[in-house]
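Here is what each chain is made of, one letter per residue.
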Amino acid sequence: MILNFIPIKTRIVQPPKDEIWDIIDSLDVKEGDIVFITSKILGIHEGRTAKMDEVEKEDLIRQEAEHWLPYTHRAGYKCNLTIVQNVLMASAGIDESNSNGYYVMWPSNPDEICAEIRARLVAKHGLKDLGVVTTDSHTTPLRWGVVGIAIGLAGVEPLEDIRGKPDIFGREMKVTQVNRIDALAGMATLLMGEGAETQPVVILRGYKNIVFDEGASMKDFKIKPEDDIYQPLVDVIRSASS
């Protein structure tokens, strides 16, 4: 199986608000494609921005995050570990890069905007199986660098459940589910780039090991904090803002 990740170069999407339907309508999508879109341009599309010299970032973080844990890094800069839309994220996903003097927030409902984009593309191209995923970059504890994850999706199941299946020695798998969508989002985000590439969309073509489902969303993907293996760490952040 050959996977074809196709980066799409676009015009610059300009804060504070810039509708991107021209970009969406120009996409050449086919049956079985998955379209990855950075959350940055979706936030700008919705006007989810704030001018840097008119608002404190700390206030925006507390507005956007369900929970936050502020602290000062030993290097001297202020940080906020947050939980936003059930995602553990620095600074509630609020971005300052490529934003021309504005803070850019996540779209208000990532699943909803993905479903809207998917419906538009499905209708335009006469498709049945199509996934739309919005992504953002985040840091991984105890590692340098950022990687991409999915923060919203429509039309594609994020997980493969292999519980109950045998491993190579016949032992039954008890807990393993394969996070396919974040693995794919990581590659898509790598190709989008973090600088001046202006490639906010990547189309994945040729991936067969995934289930398309019109009703799929992030709700199928998220773990309640009390059920998470990292509950002790999550509880620290939750208790700090309670």
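Anyway, here's the lowdown on the structure attached to this text.

**Here's the deal with a nonpolar patch on the surface**
A contiguous nonpolar patch, built from Ile229, Tyr230 and Leu233 and spanning about 400 Å² of accessible area, is present on the exposed surface. Relative to the assigned elements, Tyr230 resides in the loop between strand 13 (212-213) and helix 6 (231-240). Residue class for Tyr230 comes out exposed when judged on its relative accessible area of 54%.

**Let's talk about unusual backbone geometry**
The amide bond that connects Pro15 to the next residue, Pro16, takes the cis arrangement and shows omega of 10 degrees. Located in the positive-phi region is Asn98, a residue other than glycine, with phi close to 50 degrees. Positionally, Asn98 belongs in the loop between strand 6 (87-90) and strand 7 (102-104). According to the relative accessible area criterion, Asn98 is partly exposed, its value standing at 48%.

**Focus: the sheet that holds strand 4 (residues 67-72)**
If you walk across this open sheet you meet the 3 strands as 4-5-6, and the pairing is antiparallel. Both edges of this open sheet fall to strand 4 and strand 6, since each of them pairs with a single strand only. Taking each pair of neighbouring strands and ignoring which way they run, the sheet shows an average axis angle of 15 degrees. With 4 bridges connecting them, strand 5 (residues 78-84) and strand 6 associate as antiparallel partners. Paired with Val84 across the strands is Val87, a residue of strand 6. Most of the contacts of helix 3 (residues 57-64) go to strand 5, to which it runs at about 15 degrees, and overall it touches strand 4 and strand 5. Across the face of the sheet, helix 6 comes into contact with strand 4, strand 5 and strand 6 while running at roughly 90 degrees to strand 4.

**A closer look at the sheet that holds strand 9 (residues 146-156)**
Taking strand neighbours across the sheet as the criterion, the 6 strands line up as 1-12-2-8-9-13 in an open arrangement whose pairing is mixed. In this open sheet, the two strands that pair with only one neighbour each are strand 1 (4-8) and strand 13. Across 2 bridges, strand 9 lies against strand 13 in antiparallel orientation. In the strand pairing of strand 13, Gly155 is matched with Asp213. Strand contacts of helix 4 (residues 110-125): strand 2 (33-38), strand 8 (130-139) and strand 9, with the helix running at about 60 degrees to strand 9, the strand carrying the most contacts.

**Structural notes on the pattern of salt bridges**
Under the counting rule described, the total for this entry stands at 11 salt bridges. For Lys30, the salt bridge goes to Asp28, with nearest N and O atoms at 4.0 Å. Between Glu58 and Arg62 there is a salt bridge, with its nearest N and O atoms 3.6 Å apart. Here Glu58 pairs with Arg62, and both are found in helix 3, just 4 residues apart, close to one helical turn. Residue classification places Glu58 among the partly exposed positions, given a relative accessible area of 28%.

Cut-offs used in this document
Residues numbered from 1 in each chain as written. Predicted model: local features only at pLDDT ≥ 70, side-chain atom pairs only at ≥ 80, totals over all residues. Heavy atoms only, no water. Patch = residues over 30% accessible without salt bridge, like charges linked within 9 Å, V, L, I, M, F, W, Y side chains within 5 Å. Areas by Shrake-Rupley, 256 points an atom, 1.4 Å probe, with all protein chains shown as cover. Salt bridge = Lys/Arg side-chain N within 4 Å of Asp/Glu carboxyl O. Helix = DSSP H or I, 4+ residues; strand = E, 2+ residues; numbered from the N terminus. Buried < 20%, exposed > 50% of the residue type's maximum accessible area, 1.4 Å probe, protein only. Pairing = 2+ DSSP bridges. Axes fitted to C-alpha atoms, helices over the stretch in contact; angles between N-to-C directions. Contact = heavy atoms within 4.5 Å.

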